Structures are given as C-alpha cells and as structure tokens.
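Take a look at the letters that make up each chain.
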Amino acid sequence: MTAAKPRVLLVTDLAYQARGRRYCDEDIQLSARLREDFDVALCHPRDAAALMDSFDLVLVRNSGPVLEHLAAYRDFRARALERGTRVYTQLTGRADQAGKQYLLDLTAAGYPVIPTVDRAADLDRLPVVPEYVVKPKLGADSIGLRIVPREQLDTVAYDQDVLVQPLVPFRYEVSFYFVDDAFQYALHAPDPERRWHLEPYEPTAADLEFARRFIAWNTVEHGIQRVDACRTPEGALLLVELEDLNPYLSLDLVDPAVRDRFVDALKAALHALATKP
C-alpha cells in the first residue's frame, strides 16, 4: 500500500491584482510541483482558519496584503498559534509579519537599513534630503505610500501609525531569496523606475553576508524569506524590506535549474516540518 502523502493547505488569493506581477500564475505553477510530493489544496486567506485543521501543515504563499482581510488573518494566526498548527512560514517572524516596526528596531540597532522614524521629534535623526517617504506601519505593496517634500513634513499625522524615511538615491534594487536559512537565488531591477522588471543577479560574498545578517536577526527556523535592498551610489547596500509573510518569488524569471533547486529545497523543508515531532 502506498504511504499517504502529507496534506498541505496552500493559502493564496488567486484574484489579487498586483502591480507588475501575476501572483496567481506563480501559485498555480508552484502548487502543481508540490503535488508531486504532497496532497495540496488551495484556499483564500479568509478560509484558512476554518480549513486548516484538516491538513498536516499550512503553506502561506501569495495571499495578498493582510490589510484586505486583517480580521481573518488575525483569527487564523491566533488559532494556529493556540493549536500548534504547522505553518510555513513560521508565525514568529519579527519582520513584515508584524508590520513595519522592525525598520525602527533595525535603525535603532545600527543595522544597514534605510533610516526610519515614526515621531516628529526624531526627524533630526534622518538625513536632510529634498523629499521623504511616508508609509503606514501596516502597509504592503506600496499601499498608502506617498512622497512628501521636506518643507511639508510638519503636515504628517504621526498619530496614524506611519513611518518616515528619506527618499534615498540608489543605483538599483536587489532581492535575496531564502528557504529556511539557505540562500536560493537573487534578482535585481537594473532600472530604479521599474521595480518588477527583474533580472538574475550574481551576489558577491559581501552581498550574501549582508542578506544573512537579516535572516539571522529574524530567527525564523522554517519559512521563505526575501531580503529586499537598494544599492546606494557609493556602493553600499541598505535594507528596504524583510519579507517574511508571503514574499512573491518571481520564479518565472529564474533559470529552470534554479527554479527546480528552489522547489526541491521547499519540498524538503515542508517534509521536515510535516514530520517534526
């Protein structure tokens, strides 16, 4: 008799319209590959809490900004933590899973991150530049982001849980993709005006050391994480975001061998989680 495959509930919003990306295509293709090793069912994030008890583990993928289903996400998270549900990515992440507070924490700790404050009294800690980025602490996918000239910073409503950062010049953005703590591949956007026009990127040892600092800081034992950074004109890397909730993977843009290696790593990680005592 053939042994039963582990049952995976893949949480995704196939209808979400992301700018410059087709979330649904990635999850359709990924779920097809995962079915080689698992019994897989897809569900909307609003249904995850009601369905998860019938599965061996939950894989959160392109589920869209939680702002669009915040109550359902909080219910799912609370139930999963209470019941010890095996969730991939692990729900103890300190980065985007918990909002943007980590940008403040990393700034205060001296990490190489775009300087970030959330109080008018702290604006003098930021570099003096012509324009600043103002975005909500619970924002995602640039929702609610706006550019504010320096002379208008006194109009920012800090009581509405926003962050302020200098609008820094950069040569390009680069993303590093990890399964658990293992680096998989990197992609970069050569044109700063076209964030999602990505190309393969060969990271240096220093680049990987930079990315791994944030993976280590986050202390996530199992999960997919994406470290987004920008390259300054001086050549340094600064963290833009640490995506540990549902990072889009741009798997259609990597070499097939790289994609296969990523899927194999993900399968192995899910098998390990499904059999973890």
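For the structure, see preceding data.
These notes cover the structure that comes with them. (Residues numbered from 1 in each chain as written. Predicted model: local features only at pLDDT ≥ 70, side-chain atom pairs only at ≥ 80, totals over all residues. Heavy atoms only, no water.)

## Overview of the environment of E209
Piece 1. Mapping E209 onto the fold places it in helix α5 (residues 205–218).
Piece 2. Residue classification places E209 among the exposed positions, given a relative accessible area of 58%.
Piece 3. Note: C-alpha distance between E209 and A274 (65 residues apart in sequence) is 30 Å. (Helix = DSSP H or I, 4+ residues; strand = E, 2+ residues; numbered from the N terminus. Buried < 20%, exposed > 50% of the residue type's maximum accessible area, 1.4 Å probe, protein only.)

## Section: the pattern of salt bridges
If charged atoms from side chains of opposite charge come close, those side chains can pair.
Piece 1. Tallying each qualifying case throughout the model produces 20 salt bridges.
Piece 2. Salt-bridge contacts for R33 lead to E36; the nearest nitrogen and oxygen are separated by 3.2 Å.
Piece 3. By relative accessible area, which is 47% here, E36 ends up partly exposed.
Piece 4. The shortest N-O distance in the salt bridge between K267 and D37 comes to 3.2 Å. Pair noted here: K267 is in helix α6 (residues 256–274) and D37 is in the loop between α1 (23–34) and β2 (39–43), with a separation of 230 residues, a long-range link.
Piece 5. For K267, a relative accessible area of 7% gives the class buried.
Piece 6. Where salt bridges share partners, they join R33, E36, D37, D260 and K267 into one cluster. (Salt bridge = Lys/Arg side-chain N within 4 Å of Asp/Glu carboxyl O.)

## Description of the sheet that holds strand β8 (residues 172–179)
Piece 1. Reading across the sheet, the five strands line up as β10-β9-β8-β11-β12 and stay open at both edges, with antiparallel pairing between neighbours. Edge positions in the sheet fall to β10 (199–200) and β12 (237–243), since each of these pairs with one other strand and no more.
Piece 2. Running over the sheet, α5 touches β8, β9 (182–189), β11 (224–231) and β12 and is turned about 40° from β12. (Pairing = 2+ DSSP bridges. Contact = heavy atoms within 4.5 Å. Axes fitted to C-alpha atoms, helices over the stretch in contact; angles between N-to-C directions.)

## A few points about the sheet that holds strand β5 (residues 131–136)
Piece 1. Judged by pairing direction, the sheet is antiparallel, and its three strands sit side by side in the order β6-β5-β7 without closing on themselves. Looking at the sheet topology across the chains shown, the edges are occupied by β6 (146–149) and β7 (162–166). Direction aside, the axes of adjacent strands within the sheet are offset by 30° on average.
Piece 2. Where β5 and β6 come together, four bridges link them in antiparallel fashion. By the bridge assignment for β6, V133 is matched with I147.

## Digging into α1
Piece 1. The first and last C-alpha atoms of α1 sit 17 Å apart over twelve residues, in line with the 16 Å expected at 1.5 Å per residue.
Piece 2. Within the sequence span of α1, burial applies to Y23, C24, E26, D27, L30, S31 and L34. Across the axial projection of α1, the buried residues extend over an arc of 160°, all falling on one side.
Piece 3. Summarising the contacts, the buried residues of α1 are in contact with β1 (7–11), β2, β3 (57–60) and α6. (Expected span 1.5 Å × (residues − 1). Arc of directions from axis to C-beta.)

## Observations regarding α6
Piece 1. Spanning 19 residues, α6 covers 27 Å between terminal C-alpha atoms, matching the ideal 27 Å at 1.5 Å per step.
Piece 2. By the burial criterion, the buried members of α6 are V258, F262, V263, L266, K267, A269, L270 and L273.
Piece 3. Turning to α6, the residues buried within the fold contact α1, β3, β4 (87–88), β8, β9 and β11.
Piece 4. The N-cap residue of α6 is D255: its side-chain oxygen and the backbone nitrogen of A257 are 2.9 Å apart. (Polar contact = N/O pair within 3.5 Å; in protein donor to acceptor, adjacent residues only side chain to side chain.)

## Focus: the nonpolar core
Piece 1. Ranked by internal contacts, the top residues of the largest apolar core, which has 26 residues, are L34, Y88, Y185, F262, L266 and L270.
Piece 2. Sorting the residues of this core by element identifies β1, α1, β3, β8, β9 and α6 as the ones contributing at least two each.
Piece 3. Element by element, the count of residues in this core is highest for α6, at seven residues.
Piece 4. Contacts of L266, omitting those with residues within four sequence positions, involve L30, L34, Y88, V179 and I224. (Core = buried A, V, L, I, M, F, W, Y, C linked by side-chain atoms within 4.5 Å.)

What is shown is where atoms sit, not what they do.
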